[in-house]
Amino acid sequence: DKKCPFTGNVSIRGRILVGQVMSTKMKRTIIVRRDYLHYIKKYRRFEKRHKNIAAHCSPAFEGVKDGDIVTVGQCRPLSKTVRFNVLAHEPQRARTGKKSFRIF
């Protein structure tokens, strides 16, 4: 795979992020959900927010399923929306909801 960070011509530089796999419906691309807290100064409280990141999943990680935890690294743009590559895969331990808020 030419877009694989281990065997292809892609270097990982920039951010290393961890998130939960939301969708594996595309070919060699997954959607990763990152949950975080945003502080509201006026109310002195936090609110929950999330972002979805499209990441390239090389054939080396063929057992990735929805709900798994993956580590993604930033790389050059691989397509219109994909700027991250899967680096590590941690299978799902406990069954949690797809949209449940989870900070790593």
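Given the structure is predicted, the values throughout are model-derived calculations rather than measurements.

> How would you explain the sheet that holds strand β5 (residues 84-90) if you had to name every residue and give the values?
Pairing within the closed barrel is mixed, and its five strands lie in the order β1-β2-β3-β5-β4. Going across the sheet, the axis of each strand differs from the next one's by a mean of 50 degrees, ignoring polarity. Bridge count between strand β3 (residues 45-56) and β5: two bridges; the pairing is parallel. Across the sheet, residue H56 finds its bridge partner in β5, namely N85.

> Requested: an account of a nonpolar patch on the surface, with residues and values cited.
A surface patch of nonpolar side chains, about 420 Å² in accessible area, is lined by L37, Y39, F46 and I103. With respect to the secondary-structure elements, L37 resides in strand β2 (residues 29-40).

> Now, about the pattern of salt bridges: what can you tell me, with residues and values included?
Summed over all chains, the structure comprises three salt bridges. Residues D1 and R28 are paired through a salt bridge, measuring 3.3 Å at the closest nitrogen-oxygen approach. Of this pair, D1 sits in the segment before β1 (16-26) while R28 sits in the loop between β1 and β2, and the two are 27 residues apart along the sequence. Note that R33 and D35 form a salt bridge whose closest N and O atoms lie 2.9 Å from each other. With a relative accessible area of 8%, R33 lands in the buried category. When its relative accessible area of 8% is taken as the criterion, D35 is described as buried.

> Give a description of the environment of T81 that names residues and reports values.
Positionally, T81 belongs in the loop between β4 (69-74) and β5. For T81, a relative accessible area of 54% gives the class exposed. For the pair formed by T81 and A54, sequence separation is 27 residues and the distance between their alpha carbons is 6.5 Å.

Basis of the calculations
- Residues numbered from 1 in each chain as written.
- Predicted model: local features only at pLDDT ≥ 70, side-chain atom pairs only at ≥ 80, totals over all residues.
- Heavy atoms only, no water.
- Pairing = 2+ DSSP bridges.
- Helix = DSSP H or I, 4+ residues; strand = E, 2+ residues; numbered from the N terminus.
- Axes fitted to C-alpha atoms, helices over the stretch in contact; angles between N-to-C directions.
- Patch = residues over 30% accessible without salt bridge, like charges linked within 9 Å, V, L, I, M, F, W, Y side chains within 5 Å.
- Areas by Shrake-Rupley, 256 points an atom, 1.4 Å probe, with all protein chains shown as cover.
- Salt bridge = Lys/Arg side-chain N within 4 Å of Asp/Glu carboxyl O.
- Buried < 20%, exposed > 50% of the residue type's maximum accessible area, 1.4 Å probe, protein only.

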